[in-house]
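If you want the building blocks of each chain, they are given just below.
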Amino acid sequence: MRRSFLPFAAAVGVAASVALSGTALAAGSAPDLVCNGSYPPGTYHNVTVPDNGNCVLTDSTVLGKVTVETNAWLTLQGSGSIAGNLRAGNNANVYEDFGWTVNGTTLGNGAYQMTLDGTLHNVLLNNTQDVNLYATTINGNFISNNALYGVGIGYTTKITGNVVVNDTSSAASYYIDSNPEIDGSVIVTNNQASGNIDNNVIKQNLACYGNTPPPFNFANQVGGRSLGQCATEHPLPSASAS
């Protein structure tokens, strides 16, 4: 069952204007875009969603980086690609549709909500309130530190690196479930929230230390070692009753 920690919706105006940064660009060059509105398919250099802005990009190509500033919203619809990093700032919101690819690192620093459903290359989130991955491919690592509301990693296609969930707030919850291929280790440490780790295929180790309460842990296929609080299975009450 999918869990949605926070609603993700915003009204976005259809009309929008494109702002070019700096002096006039040479003919044929992709422009920088200050995105505050809904945009048709296009090719851009760097994209910035300004403070309190609301940007929708559909079926587009970004040759550089994307920056989502304070209190801003970014929706990536349809399919597209970002060659550089995707960075979400304080209280920012990001929704990535299944057809999008981020070839740089996805960074969240104090972001409000990040829903990442496409293809990513390393994810590093610090103090993000809420993050959800569903049917996502990560070519690299996923690291969440000090999530304030929730971390959800479920039914991903493939994660080639490690999954690290650390220091999740007591007001939150986290789950890592039904992921058919995690090529690295799953490391869950110092979380003060309730958590589930179940029905995953983990090629390396499953390590759980310093979590209060210990995570529920069952039906995982672990190629390496199960360590710490995950050394033995700890099923949900309903699972143990069955």
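Going by the structure above, here's the rest.
All values derive from a computational prediction rather than experimental measurement.

So, on to the overall build of the chain. If you tally the helices and strands in the chain, you get one helix and 30 strands. Across the chain, the fraction of contacts at a sequence separation of at least 24, relative to all contacts at a separation of at least 6, is 14%. Carbon and sulfur atoms make up 51% of the accessible area of the chain, which totals about 10000 Å².

Two elements, strand E24 (residues 186-189) and strand E27 (residues 206-209), share four bridges in a ladder whose sense is parallel. Its bridge partner lying in E27, Thr189 is registered against Tyr209. Summarising the sheet, E27 and strand E30 (residues 226-228) pair through three bridges and their orientation is parallel. Note on E30: the bridge partner recorded for Cys208 is Gly228.

For the rest of this paragraph, the subject is the side chain of Ser178. Position of Ser178 among the secondary structure elements: in the loop between strand E23 (173-177) and E24. Apart from the residues lying within four places of it in its own chain, the contact partners of Ser178 are Tyr155, Thr156, Asp198, Asn199 and Asn200.

Strand order in the open sheet made by the ten strands is E2-E5-E8-E11-E14-E17-E20-E23-E25-E28, with parallel pairing throughout. Among the strands making up the open sheet, the edge pair consists of strand E2 (37-39) and strand E28 (216-218). This sheet shows a mean twist of 5° between the axes of neighbouring strands, independent of strand direction. In the sheet, E2 pairs with strand E5 (residues 54-58) via three bridges, with the strands oriented parallel. When the sheet's bridge partners are listed, Tyr39 is paired in E5 with Leu57.

What follows is about the environment of Gly110. Its place among the elements puts Gly110 in the loop between strand E13 (106-109) and strand E14 (113-116). Using a relative accessible area of 16% as the deciding quantity, one classes Gly110 as buried. In this structure the C-alpha to C-alpha distance between Gly110 and Ala88, which are 22 residues apart in sequence, comes to 7.9 Å. Apart from the residues within four sequence positions on either side, Gly110 is in contact with Gly89, Asn90, Asn91, Asn126, Asn127 and Thr128.

Before going further, it helps to spend a moment on the sheet that holds E13. Ordered by their spatial adjacency, eleven strands build an open sheet running E1-E4-E7-E10-E13-E16-E19-E22-E24-E27-E30, and the pairing between neighbours is parallel. With partners counted over all chains shown, the strands left at the sheet margins are strand E1 (33-34) and E30, one partner each.

For the structure on display, the rule yields two disulfides. Between the sulfur atoms of Cys35 and its disulfide mate Cys55 the distance is 1.9 Å. Negative torsions about the S-S bond denote left-handed disulfides, and the value of about 80° found for Cys35 with Cys55 makes this one right-handed. Placement of the pair is Cys35 in the loop between E1 and E2 and Cys55 in strand E5, with a sequence separation of 20 residues. Comparing Cys35 with Cys55, the two get one shared label, buried.

Attention now moves to the pattern of salt bridges. Pairs can form between side chains of opposite charge whenever their charged atoms are close. Under the definition given, this model contains four salt bridges. When the shortest N-O distance is used, the salt bridge between Glu69 and Arg87 registers 3.5 Å. Placement of the pair is Glu69 in the loop between strand E7 (66-68) and strand E8 (73-77) and Arg87 in strand E10 (residues 86-88), with a sequence separation of 18 residues. With a relative accessible area of 25%, Glu69 lands in the partly exposed category. Among the salt bridges present, the one from Glu181 reaches Lys203, with a minimum N-O distance of 3.6 Å. Within this pair, whereas Glu181 is found in the loop between E23 and E24, its partner Lys203 is found in the loop between strand E26 (201-202) and E27, the two being separated by 22 residues in sequence. Accessibility expressed as a relative area gives 22% for Glu181, which makes it partly exposed.

Here is what the cut-offs are and how they apply
Residues numbered from 1 in each chain as written. Predicted model: local features only at pLDDT ≥ 70, side-chain atom pairs only at ≥ 80, totals over all residues. Heavy atoms only, no water. Helix = DSSP H or I, 4+ residues; strand = E, 2+ residues; numbered from the N terminus. Contact = heavy atoms within 4.5 Å. Areas by Shrake-Rupley, 256 points an atom, 1.4 Å probe, with all protein chains shown as cover. Pairing = 2+ DSSP bridges. Axes fitted to C-alpha atoms, helices over the stretch in contact; angles between N-to-C directions. Buried < 20%, exposed > 50% of the residue type's maximum accessible area, 1.4 Å probe, protein only. Disulfide = S-S within 2.5 Å. Salt bridge = Lys/Arg side-chain N within 4 Å of Asp/Glu carboxyl O.

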